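Structural description and commentary
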Amino acid sequence: DTAVSQTPKYLVTQMGNDKSIKCEQNLGHDTMYWYKQDSKKFLKIMFSYNNKELIINETVPNRFSPKSPDKAHLNLHINSLELGDSAVYFCASSQGKTGGRSETDTQYFGPGTRLTVL
Amino acid sequence: AQSVAQPEDQVNVAEGNPLTVKCTYSVSGNPYLFWYVQYPNRGLQFLLKYITGDNLVKGSYGFEAEFNKSQTSFHLKKPSALVSDSALYFCAVRVLYGQNFVFGPGTRLSVLP
């Protein structure tokens, strides 16, 4: 069983389109994350949710909107895609119990979604 | 602000030789330090972490790392490298009450047969 899964694995689209990437974890974790890895492999956090509540929102264009229907899912919706959005997007999860401390938790990553904007 | 440096973009080592991948950090407060490995076209896999206690931490696949507070370092080591260890290695840090999990830029390890 895949612990953290993402769909799709590859996404090729035109500039200006709107697209979504889905993430699901079956680890029973309370906290989920979205990361962006650029072409130089630099990894940067975008968002973090704890039990469906947004707790980290880095400086990300508001064209990016995370949605967490339940604590096992964190989807990423991107409006008006731009060339610079091309990257690999990773979802991750950690135990992070609601109201508890999570700084020492290990994060488990999904396989990534390679987004190419033409 | 937290930051992580991995001073070497690339490390080459012969199979069977010991390997070291370097990581230094800068934080306000006590650091929690992590190492992850990324194989081509895959997500990151957890190797090991330092939270507290013994400065030498042992992890997956024979890797270990030593926390050195005075040098603010957390170098990853393995006594005998395998060709299959060739991958991209990321060091990461978080602090008490800190929100962000900050990754270093990554070091590409190539183990030559």
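The structure we're discussing is the one just above.
Quick caveat, the model's predicted, so the values are computed rather than measured.

The next thing to look at is the overall build of chain A. The helix and strand tally for chain A stands at zero helices and eleven strands. Ordered by position in the sequence, the α and β elements of chain A form the string β-β-β-β-β-β-β-β-β-β-β. Here chain A has a C-alpha radius of gyration of 14 Å; the compact-globule value for 118 residues is 13 Å, and the two agree. Each principal axis of the C-alpha distribution contributes one length, and for chain A these read about 40 × 30 × 30 Å. Taken over 118 residues, chain A has a buried fraction of 47%. A separation threshold of at least 6 residues defines the contact pool for chain A, and within that pool the share at least 24 residues apart is 58%. Put simply, chain A shows about 5700 Å² of open surface, and 49% of that area lies on carbon and sulfur atoms. Each charge sign in chain A was given a centre, from 14 positive and 12 negative side chains, and these centres are 5 Å apart.

The tendency in soluble globular proteins is for nonpolar side chains to be buried side by side. Ranked by size, the top nonpolar core spans 27 residues in total, and within it B:Trp35, B:Leu47, B:Leu48, B:Phe74, B:Leu76 and B:Tyr89 carry the most contacts. If you list the elements that add at least two residues to this core, you get strand E2 (10-14), strand E3 (19-21), strand E5 (31-38), strand E6 (44-50), strand E8 (64-68), strand E9 (73-78), strand E10 (87-95) and strand E12 (107-112) of chain B. Sorting elements by how many residues they give to this core places E10(B) first, with four residues. Listed in part, the 20 residues of the second largest apolar core include A:Ile21, A:Met32, A:Ala87 and A:Cys91.

On to unusual backbone geometry, then. All names here are of chain A. A cis amide bond links Thr 7 to the next residue, Pro 8, at an omega of -5°. Note that Pro 8 resides in the loop between strand E1 (4-7) and strand E2 (10-13). A positive phi angle, close to 45°, is found at Ser 80, a residue other than glycine. Mapping Ser 80 onto the fold places it in the loop between strand E8 (73-78) and strand E9 (87-94). The class of Ser 80 is partly exposed, set by a relative accessible area of 38%.

Let us now look at the state of the cysteines. Residue and element names in this part refer to chain A. All told, the structure shown has two disulfides over all chains when counted by the stated rule. Note on cysteine connectivity: Cys 23 is disulfide-linked to Cys 91, with sulfurs 1.8 Å apart. Across the S-S bond of Cys 23 and Cys 91 the torsion is about -75°, and the bridge reads as left-handed. A residue pair is termed long-range when its members are at least 10 positions apart, and Cys 23 in strand E3 (residues 19-25) and Cys 91 in strand E9 qualify at 68 residues. Each member of the pair, Cys 23 as well as Cys 91, carries the same accessibility label: buried.

Below, the discussion takes up the interface of chain A and chain B. How big an interface is tends to be stated in terms of the accessible area lost upon association of its parts. Each partner contributes residues to the interface: chain A has 22 residues there, and chain B has 24 residues. Together chain A and chain B conceal approximately 2000 Å² of surface at their shared face, both sides included; 52% is due to carbon and sulfur atoms. At the surface where chain A touches chain B, the tally comes to zero salt bridges. One can count three residue pairs in polar contact (both at pLDDT 80 or more) joining chain A with chain B. Those elements giving two or more residues to the side of chain A that touches chain B turn out to be strand E4 (31-37), strand E5 (43-50) and strand E6 (53-57) of chain A. A per-element tally of the side of chain A that touches chain B places E4(A) first, with three residues. Grouping the amino acids of the side of chain A that touches chain B by side-chain chemistry returns ten nonpolar, six polar and six charged.

The rules behind the values
- Residues numbered from 1 in each chain as written.
- Chains lettered and ligands numbered in written order.
- Predicted model: local features only at pLDDT ≥ 70, side-chain atom pairs only at ≥ 80, totals over all residues.
- Heavy atoms only, no water.
- Helix = DSSP H or I, 4+ residues; strand = E, 2+ residues; numbered from the N terminus.
- Rg over C-alpha atoms; globule rule 2.2 N^0.38 Å.
- Buried < 20%, exposed > 50% of the residue type's maximum accessible area, 1.4 Å probe, protein only.
- Contact = heavy atoms within 4.5 Å.
- Areas by Shrake-Rupley, 256 points an atom, 1.4 Å probe, with all protein chains shown as cover.
- Lys, Arg positive; Asp, Glu negative; His and termini not counted.
- Charge placed at Lys NZ, Arg CZ, Asp CG, Glu CD.
- Core = buried A, V, L, I, M, F, W, Y, C linked by side-chain atoms within 4.5 Å.
- Disulfide = S-S within 2.5 Å.
- Buried area = accessible area lost by both parts, 1.4 Å probe.
- Salt bridge = Lys/Arg side-chain N within 4 Å of Asp/Glu carboxyl O.
- Polar contact = N/O pair within 3.5 Å; in protein donor to acceptor, adjacent residues only side chain to side chain.
- Nonpolar A, V, L, I, M, F, W, Y, C, P; charged D, E, K, R; others polar.

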